[in-house]
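# Coordinate inspection notes
Given next are the chains, with one letter for each unit.
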Amino acid sequence: MDVLTDTARRFLAATAPEHTPVQSEMADLADEWGFPIVGPEAGAVCRLLARLTDAGRVFEFGSGFGYSATWFLRGGADHVTCTEFDVDEAERGVAFAADHGYADRVTFEVGDAMETVERYDGPFDVALIDHQKERYVDAYRAVLPKVRSGGVIVADNVTRGPIDFETLVAHFEAGDPLPDAAVDAETRGIGEYLGTVRSDDAVETAILPVGSGLAVSTVVR
Ligand SMILES: C[S@@+](CC[C@H](N)C(=O)[O-])C[C@H]1O[C@@H](n2cnc3c(N)ncnc32)[C@H](O)[C@@H]1O
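The notes below deal with the structure included here. Because the structure is predicted, anything quoted here is derived from the model rather than measured.

## Re helix α7 (residues 136–143)
By the criterion of burial, α7 is predominantly enclosed, with six of the eight residues buried. Looking at α7, one finds that the buried residues are Y136, V137, A139, Y140, A142 and V143.

Here it is as structure tokens:
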């Protein structure tokens, strides 16, 4: 289901920023592969967050071929560390960056993002969490100490994706239990993630129901 009415969704799509040439090529590839990119509505938020934080360094958990990274770069970020355990996707990301002249502004780390993040020191200005939903809390805990005060952690797929949104609504509205991890690890992962950031005094969180739904958490410690 979509949390937005069809009219609202069409309005957001019609008013989202135009793709740059490389983003158009990436969107075409995403269509061809059936690959889930954040899309221009959520991309515009990524661009905004980079601009508002005057971002130098951005870290992504789950980058594919670097579509979301291009939005942080459009927002003025100096550099995005992309993580991806699919070699083909990462290689396409490296090729896009080389062909479109931003190879010096992205690094593709092939492997498990949860291991890669341990090899990086902060501070980061922005972190994007967009990999395995059941590992969002682990990613948050790993990256939070590395995001500077005033920086932002943004998580995708909090209203749409491989999740049962109605179950999340019932959990936060009426206190219904989250599904067992063995039954629906993704929905449980997103529910636990939102519960974690909402109860953590280190961040202030707002949910933006654009794209697949973003949880935007500003680091306030
Ligand atoms: C939703 S897609 C990312 C889309 C990307 N953020 C964008 O909008 O352009 C999720 C990606 O994360 C990758 N992924 C999932 N778990 C991962 C992990 N633990 N480490 C590295 N990559 C991972 C998947 O292979 C997939 O390409």
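## Considerations on the packing of aromatic side chains
Per the counting criterion, the structure on display carries 10 aromatic pairs. Measuring from ring centre to ring centre gives 5.9 Å for F65 and F96, while their planes differ by 55°; the resulting arrangement is tilted. With a gap of 31 residues between them, F65 in the loop between β1 (57–61) and α4 (67–74) and F96 in helix α5 (residues 87–99) connect regions that are remote in the sequence. For F65, a relative accessible area of 1% gives the class buried. When the centroid spacing of 5.6 Å and the interplanar angle of 85° are considered together, the rings of Y136 and Y193 count as edge-to-face. Highlighted residues: Y136 in helix α7 and Y193 in helix α9 (residues 181–199), separated in sequence by 57 residues. If you follow R57 out to its NZ or CZ, it ends over the ring of F124, 4.4 Å from the centre.

## Here's the deal with the site of the ligand
The environment of the ligand is made up of 20 residues, and the closest members are E84, E89, A113, D130 and Q132. Note that a nitrogen atom of the ligand is positioned 2.9 Å from one of the side-chain N or O atoms of D112. At 2.8 Å, a backbone N or O of A113 approaches a nitrogen atom of the ligand. For the ligand, whose free accessible area comes to 600 Å², the fraction covered by protein is 92%. Among the residues forming the shell around the ligand, the class breakdown is eight nonpolar, seven polar and five charged.

## Let's talk about the side chain of D125
If you trace the backbone, D125 turns up in strand β4 (residues 124–129). For D125, a relative accessible area of 11% gives the class buried.

## Section: the environment of P162
Along the chain, P162 turns up in the loop between β5 (147–156) and α8 (165–174). In this structure, the C-alpha to C-alpha distance between P162 and V152, residues 10 residues apart in sequence, is 24 Å. Not counting chain neighbours up to four residues away, the residues in contact with P162 comprise K133, N157, D184, E186 and T187.

## Some words on the pattern of salt bridges
Evaluated as defined, the whole model comprises seven salt bridges. For R119, the salt bridge identified is with E109, shortest N-O distance 3.5 Å. Of this pair, R119 sits in the loop between α6 (113–116) and β4 while E109 is found in strand β3 (residues 106–110), placing the two residues 10 residues apart along the sequence. Using a relative accessible area of 56% as the deciding quantity, one classes R119 as exposed. Where D130 meets K133, a salt bridge forms, and the shortest distance between an N and an O atom there is 3.5 Å. Exposure remark for D130: the relative accessible area of 16% places this residue in the buried category. Its relative accessible area of 7% is what places K133 among the buried residues. Salt bridges sharing common partners tie together D6, R9 and R10.

Procedures and definitions
Residues numbered from 1 in each chain as written. Predicted model: local features only at pLDDT ≥ 70, side-chain atom pairs only at ≥ 80, totals over all residues. Heavy atoms only, no water. Buried < 20%, exposed > 50% of the residue type's maximum accessible area, 1.4 Å probe, protein only. Helix = DSSP H or I, 4+ residues; strand = E, 2+ residues; numbered from the N terminus. Phe/Tyr/Trp six-rings, centres within 6.5 Å; stacked < 30°, edge-to-face > 60°. Lys NZ or Arg CZ within 6 Å of the ring centre and 35° of its normal. Near = heavy atom within 4 Å. Polar contact = N/O pair within 3.5 Å; in protein donor to acceptor, adjacent residues only side chain to side chain. Areas by Shrake-Rupley, 256 points an atom, 1.4 Å probe, with all protein chains shown as cover. Nonpolar A, V, L, I, M, F, W, Y, C, P; charged D, E, K, R; others polar. Contact = heavy atoms within 4.5 Å. Salt bridge = Lys/Arg side-chain N within 4 Å of Asp/Glu carboxyl O.

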